[in-house]
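Tertiary structure, described
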Amino acid sequence: MAFDLDMIKKVYDRYSTRVAAARKATGKHLTLTEKILYAHLSEGDASHALTRGVDYVDFAPDRVAMQDATAQMALLQFMQAGRPQVAIPSTVHCDHLIQAKIGADQDLSTAIDVNKEVYDFLASVSDKYGIGFWKPGAGIIHQVVLENYAFPGGMMIGTDSHTPNAGGLGMVAIGVGGADACDVMAGLPWELKFPKLIGVKLTGKLSGWASAKDVILVVAGILTVKGGTGAIVEYFGEGAESLSATGKGTICNMGAEIGATTSIFGYDAKSEAYLRGTERAAIADLANAVKEHLTGDPEVYANPEQYFDQVIEINLSELEPHVNGPFTPDLAWPISKFAKAVKENNWPAKLEVGLIGSCTNSSYEDITRAASIASQAISKNLKTAAEFTITPGSELVRYTVERDGYLGTFESMGGVVLANACGPCIGQWARHTDDPTRKNSIITSFNRNFAKRQDGNPNTHAFVASPEIVTAFVIAGDLTFNPLTDSLINNAGESVKFDEPKGIELPIKGFAVEDAGYQAPAEDGSHVEVKVDPKSARLQLLEPFKAWEGTDINGLKLLIKAKGKCTTDHISMAGPWLKFRGHLDNISNNMLIGAINYFNGNADSVKNELTGEYGPVPATQRDYKAHNIGTIVVGDENYGEGSSREHAAMEPRHLGVRAILVKSFARIHETNLKKQGMLGITFADTNDYDKIQEDDTIDIKGLTTFTPGKQLIVVLHHNDGTEDLFAVNHTYNAQQIEWFKAGGALNIIRRQMAS
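Here goes a summary of the coordinates provided. None of these values were measured; they are calculated from a predicted model.

Details of the sheet that holds strand E5 (residues 155–158)
- Taking strand neighbours across the sheet as the criterion, the six strands line up as E6-E5-E2-E3-E4-E21 in an open arrangement whose pairing is mixed. Strand pairing shows two members of the sheet lacking a second neighbour, strand E6 (172–175) and strand E21 (518–519), which therefore form its edges.
- Together, strand E2 (63–67) and strand E3 (90–93) form the strand contacts of helix H3 (residues 68–78), whose direction differs from that of E2 by roughly 115 degrees.

Structural notes on the packing of H3 against helix H5 (residues 116–129)
- At their nearest, the axes of H3 and H5 sit 11 Å apart, and the two run at 50 degrees to each other. When the axis of H3 is compared with that of H5, the two are oblique. In the packing of H3 onto H5, the handedness of the crossing is left-handed. Residues Asp68, Ala71, Gln72, Leu75, Leu76 and Phe78 of H3 lie in contact with H5, whose contacting residues are Val118, Tyr119, Phe121, Leu122, Val125 and Tyr129.

A closer look at the packing of helix H1 (residues 5–26) against helix H2 (residues 32–39)
- For the pair H1 and H2, the least separation of the axes is 9 Å and the interaxial angle reads 115 degrees. Between H1 and H2, the angle is such that the two are roughly perpendicular. In terms of crossing hand, the pair formed by H1 and H2 is right-handed. On the side of H1, the interface is formed by Arg14, Tyr15, Arg18, Val19, Ala22, Arg23 and Thr26, while H2 contributes Lys35, Ile36, Tyr38 and Ala39.

Some points on the packing of aromatic side chains
- Taken as a whole and judged by the stated rule, the model has 28 aromatic pairs.
- Their ring planes at 90 degrees and their centres at 5.1 Å tell us that Phe78 and Tyr129 sit as a pair that is edge-to-face. Of this pair, Phe78 sits in helix H3 while Tyr129 is found in helix H5, placing the two residues 51 residues apart along the sequence. A single burial state applies to Phe78 and to Tyr129, both of which are buried.
- With a centroid separation of 5.8 Å and an interplanar angle of 35 degrees, the aromatic rings of Phe683 and Phe726 are classed as tilted. With a gap of 43 residues between them, Phe683 in strand E27 (residues 679–683) and Phe726 in strand E30 (residues 723–729) connect regions that are remote in the sequence.
- Looking at Phe683, the relative accessible area reads 3%, which means it is buried.
- Taken together, the ring pairs in this structure connect Trp333, Phe338, Trp347, Phe463 and Phe473 into an aromatic cluster.
- Looking at Lys663, its charged tip hangs above the ring of Tyr689, at a distance of 4.4 Å from the centre.

Structural notes on the pairing of strand E22 (residues 553–561)
- Extensive coverage of E22 is indicated by the burial of seven of its nine residues.
- Summarising the sheet, E22 and strand E28 (residues 697–701) pair through three bridges and their orientation is antiparallel. In the sheet register, Ile553 faces E28, and the bridge partner there is Ile700.
- Bridge analysis of E22 against strand E25 (residues 631–635) gives four bridges, and the strand direction is parallel. Bridge pairing in E25 places Leu558 opposite Ile632.

Let's talk about the pattern of salt bridges
- Here the structure, examined in full by the defined rule, presents 36 salt bridges.
- Ionic pairing is found between Lys340 and Glu344, a salt bridge with its closest N-O pair at 3.8 Å. Here Lys340 pairs with Glu344, and both are found in helix H14 (residues 335–344), just four residues apart, close to one helical turn. Of the two residues, Lys340 and Glu344, neither departs from the other in class, the shared state being exposed.
- Via salt bridges that share partners, Glu352, Arg431, Asp434, Arg438 and Asp455 belong to a single interconnected network.

A look at the nonpolar core
- Membership of the largest hydrophobic core comes to 108 residues, with the highest contact counts inside it found for Tyr12, Phe59, Met66, Leu75, Leu122 and Met185.
- Sequence-distant contacts of Met185, that is, excluding residues within four places in its chain, are made with Val64, Met66, Leu75, Phe78, Arg83, Gln85, Val86, Ala87, Ser90 and Ile131.
- Counting 44 residues, the second-largest nonpolar core is a separate cluster that includes Ala370, Ala374, Leu407 and Phe511.

Considering unusual backbone geometry
- Each neighbour pair has its own omega, and for Gly325 with Pro326 the value is 5 degrees, a cis peptide bond.
- Here Pro326 is to be found in the loop between strand E12 (322–324) and strand E13 (332–334).
- Non-glycine residue Thr224 carries a positive phi angle of around 65 degrees.
- Topologically, Thr224 is positioned in the loop between helix H8 (212–223) and strand E9 (231–236).
- Given a relative accessible area of 33%, Thr224 falls into the partly exposed group.

Let's talk about the sheet that holds strand E29 (residues 712–717)
- If you walk around this closed barrel you meet the seven strands as E22-E25-E26-E27-E30-E29-E28, and the pairing is mixed. Neighbour-to-neighbour, the strand axes of the sheet open up by a mean angle of 40 degrees, direction not taken into account.
- Across five bridges, the pairing between E25 and strand E26 (residues 657–662) is parallel. Within the sheet, the bridge partner assigned to Thr631 lies in E26 and is Val657.

Observations concerning the environment of Glu257
- Relative to the helices and strands, Glu257 is located in the loop between helix H10 (245–253) and strand E10 (262–265).
- Since its relative accessible area comes to 3%, Glu257 is described here as buried.
- Once residues within four sequence positions are removed from consideration, Glu257 is found in contact with His162, Thr224, Val225, Pro329, Asn447 and Arg448.

Overview of the side chain of Ser90
- With respect to the helices, strands and loops of the structure, Ser90 is situated in strand E3.
- A polar atom in the side chain of Ser90 sits 3.0 Å from the backbone oxygen of Ile88.

Here we look at helix H22 (residues 647–655)
- Of all nine residues making up H22, nine are buried, and the element is well covered by its neighbours.
- Along H22, the residues classified as buried are His647, Ala648, Ala649, Met650, Glu651, Pro652, Arg653, His654 and Leu655.
- Where H22 is buried, its residues touch H3, helix H19 (568–571), helix H20 (584–587), helix H21 (617–626), E26 and helix H23 (667–675).
- Phi for Gly656, located one or two positions after H22, is positive at around 100 degrees.

Considering the side chain of Ser362
- Within the secondary structure layout, Ser362 lies in the loop between strand E14 (351–357) and helix H15 (364–379).
- For Ser362, a relative accessible area of 1% puts it in the buried group.
- Only 3.4 Å separates the side chain of Ser362 from the backbone nitrogen of Gly393, close enough to count as a polar contact.

Notes on H2
- Burial analysis of H2 places eight of its eight residues in the buried class, the great majority of the element.
- Within the sequence span of H2, burial applies to Leu32, Thr33, Glu34, Lys35, Ile36, Leu37, Tyr38 and Ala39.

Details of the environment of Ala349
- Within the secondary structure, Ala349 sits in the loop between H14 and E14.
- The spacing of Ala349 and Gly477 is 128 residues in sequence and 8.3 Å in space, taken between C-alpha atoms.
- Excluding residues that lie within four positions of it along the chain, Ala349 makes contacts with Val342, Gly477, Asp478, Leu479 and Thr480.

A few points about the environment of Pro507
- Within the element layout of this structure, Pro507 appears in the loop between strand E20 (495–496) and E21.
- Judged by relative accessible area, which is 9%, Pro507 ranks as buried.
- When the C-alpha positions of Pro507 and Gly249 are compared, they lie 17 Å apart, and in sequence the two are 258 residues distant.
- Not counting residues within four places of it along the chain, the set of residues in contact with Pro507 comprises Tyr364, Thr400, Arg403 and Asp404.

Cut-offs applied
- Per chain, residue numbering runs from 1 following the sequence as it is written.
- Only residues with pLDDT of at least 70 are given local features in this predicted model, and only at 80 or more are side-chain atom pairs given and counted; all residues enter the totals for whole chains, interfaces and linings.
- Values reported for side chains reflect all heavy atoms of the structure, with hydrogen atoms and water molecules removed beforehand.
- Two strands qualify as a pair provided that DSSP identifies no fewer than 2 bridges between them.
- Runs of H or I in DSSP of at least four residues are treated as helices and runs of E of at least two as strands, each being numbered from the N terminus.
- Here a residue-residue contact requires only that any non-hydrogen atoms of the pair lie within 4.5 Å.
- Here an angle of 0 to 180 degrees is reported between the N-to-C directions of two axes, which are lines fitted to C-alpha atoms, with helices fitted over the stretch in contact.
- For classification purposes, angles smaller than 35 degrees are called roughly parallel, those larger than 145 roughly antiparallel, those between 65 and 115 roughly perpendicular, and all remaining angles oblique.
- Crossings are classed by handedness, with left-handed meaning an anticlockwise turn of the near helix from the far one by less than a right angle and right-handed meaning a clockwise turn.
- Two rings from Phe, Tyr or Trp (for Trp, the six-membered ring) form a pair when their centres are within 6.5 Å of each other. A pair whose planes differ by under 30 degrees is stacked, one over 60 is edge-to-face, and the rest are tilted.
- Exposure categories follow from relative accessible area, calculated using a 1.4 Å probe and restricted to protein chains: below 20% of the type maximum is buried, above 50% is exposed, and the middle band is partly exposed.
- We call a charge positioned above a ring when the Lys NZ or Arg CZ atom is no farther than 6 Å from the ring centre and deviates by at most 35 degrees from the ring normal.
- Between Lys or Arg on one side and Asp or Glu on the other, a salt bridge is scored when a side-chain nitrogen of the former is within 4 Å of a carboxyl oxygen of the latter.
- As used in this record, nonpolar core signifies buried Ala, Val, Leu, Ile, Met, Phe, Trp, Tyr and Cys residues forming a set joined through side-chain atoms within 4.5 Å.
- Pairs of N or O atoms within 3.5 Å make up the polar contacts considered here, provided that, within protein, one atom can donate a hydrogen while the other can accept it, and that residues adjacent in sequence are counted only when both atoms are side-chain atoms.

Here you go:
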């Protein structure tokens with residue numbers, strides 16, 4: 001559990017020489033992002049300028065963090081790499097497999113029983129390879145990382161798209177697929193296209209109902225779900241310095257919702273206070289000694305337009321609370337306009353459930369601000385009108401807020417405290433409802449609200465807001481209520497209004513915990529045996545994917561032409577499917593079952609060209625595979641947005657899909673496809689999407705001369721005997737082309753380790 005102080009000191013020792021070399025190479029002042037990236041170049045050389053959004057660069061991260069759902073596949077891959085131990089500090093966090101149903105104690109007990117096989121596997125493989133293991137109930141990966149491992153100026157990769165949460169403490173923390181984590185744990189450099197930079201200047205200071213959550217809700221509205229793609233978002237200004245470290249974490253966490261590579265704040269007094277408050281004073285002392293390197297140069301922030309590719313300015317003093325949604329996290333509504341939007345769009349005004357917590361908003365400050373509203377429900381004699389759940393982010397926070405009486409406040413107003421886990425945020429929620437298909441509304445302090453995300457019901461209108469706004473809505477039970485201005489009638493028939501929420505950034509009596517839930521690995525793991533039952537339905541040892549056959553790919557059938565939004569939840573659903581995250585063949589039965597077929601408007605219904613009949617996507621693909629027929633998936637804009645879920649890339653690969661052709665990719669998903677040896681290509685002209693017909697046979701030409709920057713050609717053979725031919729683009733560099741040829745990056749790693 002202890003942080004590696006010697007490692008952090010070595011990181012800081014690099015800064016002076018690396019930053020100086022970078023300034024000399026670029027001839028300019030540097031942003032914080034550039035300083036951290038240059039300091040982590042794996043080749044140890046910052047003497048050349050790097051082109052934003054163009055150059056692929058090798059980095060050397062300081063640590064790896066994995067959540068239990070994705071860690072299974074990451075570690076199954078690592079087991080094939082041939083190393084006795086991980087090369088850098090790594091941890092596993094058991095937070096995704098706990099279903100919220102009744103309450104914390106019973107749900108946790110059930111999860112430990114139901115998931116015993118998986119937990120035993122993760123614990124033993126961690127023990128063997130020198131990986132820290134956080135047991136079920138310890139907390140959500142991002143909160144635990146912020147409390148224990150994040151440090152200013154560091155670089156971390158994590159197998160979860162909300163890894164950027166650690167940016168609240170000034171760390172470049174990036175969500176990746178398990179294959180990337182496997183590479184880094186195996187001691188290889190980690191590759192990333194040098195990102196563009198978006199600067200967000202925060203002025204003023206928050207007050208009243210406005211919170212850090214509202215900053216990212218506004219930014220999401222400005223940039224949309226793909227506006228941050230290929231970019232790192234750097235926050236700065238006096239307003240940034242006024243925010244708590246955990247508030248900054250909230251903002252960075254939800255940066256995943258704008259497609260950003262990551263988001264980051266500089267080191268300041270709030271960062272130092274949080275480090276000292278979480279018993280990491282030694283890190284604060286080291287950071288103070290190099291603090292000029294842990295923020296951008298003053299000249300950058302004085303003239304940000306000269307140093308960032310895009311600049312956004314937000315005055316926190318004028319910031320209004322926001323509610324985002326439904327069905328997408330970038331549909332932003334100021335609270336003053338939200339009631340009108342509810343009425344005009346005919347969204348269900350009656351609120352059925354409010355949920356607070358998750359990795360996004362489960363800090364001590366979040367809990368205290370929400371509890372200040374909950375306590376008013378009690379003191380003002382108000383009856384709670386909707387179901388209410390509270391998800392603490394870690395055992396450290398849970399124990400402390402229980403000690404300080406806040407959990408008791410929630411329970412007194414009818415709230416149910418859930419386990420320290422992701423739960424409803426990722427669909428791990430046995431929702432209490434008399435009609436699981438009814439059109440209804442819920443509101444959360446989570447990060448994502450895609451259709452069916454929380455409860456599997458496409459008619460659930462999910463909205464996102466701060467914990468205090470959610471709590472107020474729970475009490476009102478009406479989405480047309482504005483807690484800033486409107487009154488409620490209490491049980492005595494009196495008209496009462498809410499006072500502004502009050503919060504405490506760090507506990508006055510300090511944090512406390514009896515058992516944080518950490519298990520250290522064996523000093524010598526050579527004697528540890530990792531067992532995987534060959535009959536298991538939940539775990540399956542991996543077989544290497546086949547190498548490319550060395551020719552163009554011809555005769556492909558169209559599996560599906562997906563219409564509209566196709567996130568990783570559409571490609572590989574979570575919820576009940578989480579139990580198969582360690583079994584590639586079984587989880588492949590959810591492949592693309594949520595995607596909408598362009599030709600019939602239905603989900604999980606595609607035409608099987610061998611039979612002429614319509615059937616489920618996975619079953620159709622398995623039939624093609626059995627007949628040794630390759631297929632292609634066609635998609636729309638920002639294909640694969642959302643989670644870092646590499647299963648969304650591995651499942652098509654496993655079932656015999658040869659290529660994914662889309663208008664544009666989300667960053668993590670495109671990388672995941674490349675890592676698995678898949679061909680991910682984009683329309684050079686997006687209008688060519690319309691040319692693809694349901695009965696087409698498709699060829700991909702130019703693979704025998706596959707080179708960086710050179711277009712490939714797609715040939716459509718239509719059923720009427722006509723053809724269409726058009727160019728497609730790709731972003732593969734020389735190394736990634738080798739991954740494709742070898743059948744996946746892991747095949748190359750295995751070869752290198754064996755030599």
